Protein chains: 2
Amino acid sequence: MDSENIHVPGFLASGVSAGIKETGARDLSLIYSTMPARAAGVFTTNAFKAAPVLVSMERIKSGRAQAILTNSGNANAATGAAGYQDALDMSKSLSSYMKIKDDLVLVASTGVIGHRLPVEKINRSIPAVVKGLRPDGIPEAEAAIMTTDRFPKMAYQKRYIADREISICGIAKGAGMIQPDMATMLAYAMTDADIDSVALGKAFRYAVERSFNAASVDGCMSTNDTAIILANGCAGNRMIRDGSQSFRIFRDMVCEILMKLAKDMVRDGEGATKAIEIVVTEARTRGEAKKIAYAIANSNLVKTAFFGGDPNWGRIIAAAGAIGIPLPVDKVRLSFEDVPVFRHGRGIDSNLLSLKTIMEQEEIKIVFRVGMGTKDWRVFTSDLGFEYIKINAHYHT
Amino acid sequence: MDSENIHVPGFLASGVSAGIKETGARDLSLIYSTMPARAAGVFTTNAFKAAPVLVSMERIKSGRAQAILTNSGNANAATGAAGYQDALDMSKSLSSYMKIKDDLVLVASTGVIGHRLPVEKINRSIPAVVKGLRPDGIPEAEAAIMTTDRFPKMAYQKRYIADREISICGIAKGAGMIQPDMATMLAYAMTDADIDSVALGKAFRYAVERSFNAASVDGCMSTNDTAIILANGCAGNRMIRDGSQSFRIFRDMVCEILMKLAKDMVRDGEGATKAIEIVVTEARTRGEAKKIAYAIANSNLVKTAFFGGDPNWGRIIAAAGAIGIPLPVDKVRLSFEDVPVFRHGRGIDSNLLSLKTIMEQEEIKIVFRVGMGTKDWRVFTSDLGFEYIKINAHYHT
């Protein structure tokens, strides 16, 4: 992807330094639609939601938004009533300066938690971030939401839907479940599609469930996780409605965009040396398939085995067996890529050489067949190595 | 505790080398009651139960047992029907040689999984392990059940109950939740108390729930976890029955014994540098208190922060907030030992110096007050450091 060419009609973006990050790196990001857009969002379910999350969750209920203002370097989380006021203040600064309705501004923050947001620094930088708005400013907006990310995460697609070329661009920050600052994930998608609110919300939730929620694993969302899509209708297509063929094409396009971002987040897990895809099939329900997949993905014993290059299938079956689902031991089958390692209630020793080769791959797929039904689920995770400890033991509050 | 003096009337114990461990260390352990004893057990809930677990679970239903035969070095797990036969065979070798009823023999195995048990080595060593039986053989029996344990785990108490001196001794192997070979935990308690079956089972389950189940965290039991108590009545006390004062004294005594073993297992977690006690109070239900305590104890971000000596309370509240219980943000209070760090929905910055001192302690208590009710729970866990990765990445199947 040539980041020079990322551009979604009707959207402008910008990223500047407001001096929140001590390094002086970009830390204030603005995404702006030249006209009010339809909007949908998925937010953390954490009980300790950060102040900007509370503000944006409330505002997006209207189904419309025009700007997303994000700061990095400070999460404005666990900051009480004063923090909530700070989130309103940064929004108000932008809406006053741009002369747009305040309730069309969505806000997000990411960084250290428990410290008051330096809101005056943000307010002082509003003119600069607004003046920086450009059609090709998306990479700068992305840079300004990053914290410990090792590389930017962007995805872009154009496709004909209902006789018009529709663009979707997505940007994200975060590193799967293994990010120092609470695994905060931010993701924004922009599209020029004209799509009604119900269909937009449905498509976005469908895509988030299969991408970010399958990568961050375990429902352990941080205090700040936020995913938002804006659709401004600039493409002039016949409006996409739920249930139509156009809807399914659009939904799958959003899904592909978010999936790329989610996989990038897993690959960026600090210290991650391998990306692991865990596929659970033949479960009785999708819920059980998920539960098994997450149990495997979350096992430190499984993750460290992958780091060590050890095809330790015993840890995988033990992790799956421990969650209380009455698995039929004789029917369960486990394979690494297409090499079977467990069936009929016992391990298969003969494939050790093939397994060693597979364990050296950077991306490894594990398939766990439950033998109870027809439902499946997949999650993405990474291994657990020394770098994870190093970074997370010394990231200070 | 002077291990020379551990002795429970009517019990003999022994530990020898059968050649299962490549090092030649002791790997066959026998505990024997000179008369059939009342017995109760708690076993792994893992769907992939090892063969010896299946055998012992079935036999202990009778409420009686006379011997516990354990091998280390091989878990006899994921070995299918052949493995089940191997477990029966090792039991039969012992019962034939000792001329006791086969169904009074309980068996257990711990070690690598997925490999057939070298049952002929065990059978050949039965005469030696029987001949080694001595009243003061408990430390040898303990040595023979250990795998990667850095130190033996034994606890011993005598107390007057119902006018007789009652002894209880407990031995265990395992290292909390962070053991390479699937966190397998074995624990055996021996007592000369005369106690009826119902009361014995009730006291033992009560104690296991508050000790091992609070230390191993998350219900993630291995394929082989086994805890057994034998009570042979040699003390000649008036029989202890459920609901009596004697029962409560006995139950608390068992609880103290198992608690010591559980704490030793946490301390022995490979690479653990700190023992962390997580106390959750003021929950609506005991179930919710448990869920919150486990969420905190299982968070890699929390564990690595403790390893790094960082009083990162943000990770603790985020872990608790992520599990779907609607916590009242303004009522939740969190403290490290007696130093408050979070209340009224925000962090308390002023105590950083006291916190640094606390974080240097080897044992740290965290108190999370939910502010919703009166129920509580506590779990024990350890930090997550480099040693954990080192050991677990290179422990091969």
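Residues numbered from 1 in each chain as written. Chains lettered and ligands numbered in written order. Predicted model: local features only at pLDDT ≥ 70, side-chain atom pairs only at ≥ 80, totals over all residues.

Draft legend 1. Seen up close, the sheet that holds strand 13 (residues 363-369) of chain A. Residue and element names in this part refer to chain A. In space, the six strands of this open sheet follow the order 12-11-10-13-9-14, with mixed pairing throughout. Strands at the two margins of the open sheet, each flanked by one partner only, are strand 12 (346-347) and strand 14 (375-382). The sheet contact formed by strand 10 (residues 333-336) and strand 11 (residues 339-343) spans three bridges and is antiparallel. Counted as the bridge partner of Phe336 is Val339 from strand 11. (Pairing = 2+ DSSP bridges. Helix = DSSP H or I, 4+ residues; strand = E, 2+ residues; numbered from the N terminus.)

Draft legend 2. Geometry of the domain arrangement of chain A. Split into domains, chain A comes out as domain 1 (3-267) and domain 2 (275-393). Distance from the C-alpha centre of domain 1 of chain A to the C-alpha centre of domain 2 of chain A: 33 Å. (Domains from an automatic or database assignment.)

Draft legend 3. Molecular detail of the relation of the copies chain A and chain B. Once turned by 180° and shifted 0.0 Å along the axis, chain A lies on chain B with an RMSD of 0.0 Å. Look at the turn and shift together and you get a two-fold axis relating the two. Among all residues of chain A, the one whose C-alpha sits closest to the rotation axis is Phe386(A), at a distance of 3.0 Å. A shared binding surface is used by both copies, with 100% of the interface residues of chain A retained as interface residues in chain B. (Least-squares fit on C-alpha atoms with pLDDT ≥ 70 in both. Contact = placed C-beta atoms within 7 Å.)

Draft legend 4. Main features of helix 4 (residues 138-145) of chain A. In terms of burial, helix 4 of chain A is a largely internal element, seven of the eight residues being buried. Three or more residues of helix 4 of chain A are buried, namely Ile138(A), Glu140(A), Ala141(A), Glu142(A), Ala143(A), Ala144(A) and Ile145(A). (Buried ≥ 20, exposed ≤ 12 C-beta atoms within 10 Å, placed from the backbone.)

Draft legend 5. Molecular detail of the interface of chain A and chain B. Taken together, the contact pairs 48 residues of chain A with 48 residues of chain B. Secondary-structure elements contributing two or more residues to the side of chain A that touches chain B are helix 9 (300-308), helix 10 (313-321), strand 12 and helix 12 (386-393) of chain A. Among the elements that take part in the side of chain A that touches chain B, helix 9 of chain A stands out by supplying six residues, more than any other. Within the side of chain A that touches chain B, the residues separate by chemical class into 22 nonpolar, 23 polar and three charged. (Nonpolar A, V, L, I, M, F, W, Y, C, P; charged D, E, K, R; others polar.)

Draft legend 6. Spotlight on the nonpolar core. Grouped together as the largest cluster of nonpolar side chains are 276 residues, with contacts concentrated most on Ile296(A) and Ile296(B). In this structure, Ile296(A) is in contact with Ile278(A), Val302(A), Ile316(A), Ala319(A), Ala320(A) and Phe368(A), ignoring residues within four places of it in sequence. (Core = buried A, V, L, I, M, F, W, Y, C linked by C-beta atoms within 7 Å.)

Draft legend 7. Structural context of the sheet that holds strand 12 (residues 346-347) of chain B. Residues and elements named next belong to chain B. If you walk across this open sheet you meet the six strands as 12-11-10-13-9-14, and the pairing is mixed. The sheet is open, and its two edges are formed by strand 12 and strand 14 (375-382), each paired on a single side. Sheet topology places strand 9 (residues 275-283) next to strand 14; seven bridges connect them, and they run antiparallel. From the neighbouring strand, Ile276 faces strand 14, where its bridge partner is Thr381. Strand contacts of helix 11 (residues 352-359): strand 10 (333-336), strand 11 (339-343) and strand 13 (363-369), with the helix running at about 115° to strand 11, the strand carrying the most contacts. (Axes fitted to C-alpha atoms, helices over the stretch in contact; angles between N-to-C directions.)

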